[in-house]
Amino acid sequence: MQEQARTTQEIKDDIIAHLQTVIDPELGIDIVNLGLIYNVDLEDDGTCLIEMTLTTIGCPLTNILADMVESALKDVPEIKKVDVEFIWEPEWTIDRMTRYAKMALGIH
């Protein structure tokens, strides 16, 4: 019996779920709930482009977070390669954080 291919939405949901395992080392909250993920795109060739930002420009964790994102996505079967691109527009603000992240950090 042949396994049915997953829909684009199922794959994207899986990618987001995997990205939620990437915890910002400084804040202790995952990068999805922090609002650091701006865009997720999976090309037909299996290249996954993650456009994300950081809470501050010049953050020393840029390479560490990129490696953590790549590692988190290695178990998504449709992904052959991960490209992490850091973008600074629009600038990140606490308004991008989920209610969960704000509560966890004591922001009202």
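See the structure shown above.
Computed from a predicted model, the values in this text were never measured in an experiment.

Colleague: Help me out: how do you make sense of the overall build of the protein in this one?
Modeller: The helix and strand inventory of the protein stands at three helices and three strands. The linear arrangement of helices and strands in the protein, starting from the amino end, is α-β-β-α-β-α. Taken over the C-alpha trace, the protein has a radius of gyration of 15 Å; the compact-globule value for 108 residues is 13 Å, and the two agree within 12%. In terms of overall dimensions, the protein has a C-alpha envelope of 50 × 25 × 20 Å along the principal axes. At a minimum sequence separation of 6, the contacts of the protein that also span at least 24 residues come to 64%.

Conventions adopted
- Residues numbered from 1 in each chain as written.
- Predicted model: local features only at pLDDT ≥ 70, side-chain atom pairs only at ≥ 80, totals over all residues.
- Heavy atoms only, no water.
- Helix = DSSP H or I, 4+ residues; strand = E, 2+ residues; numbered from the N terminus.
- Rg over C-alpha atoms; globule rule 2.2 N^0.38 Å.
- Contact = heavy atoms within 4.5 Å.

These results come straight from atomic positions and should not be treated as a statement about function.
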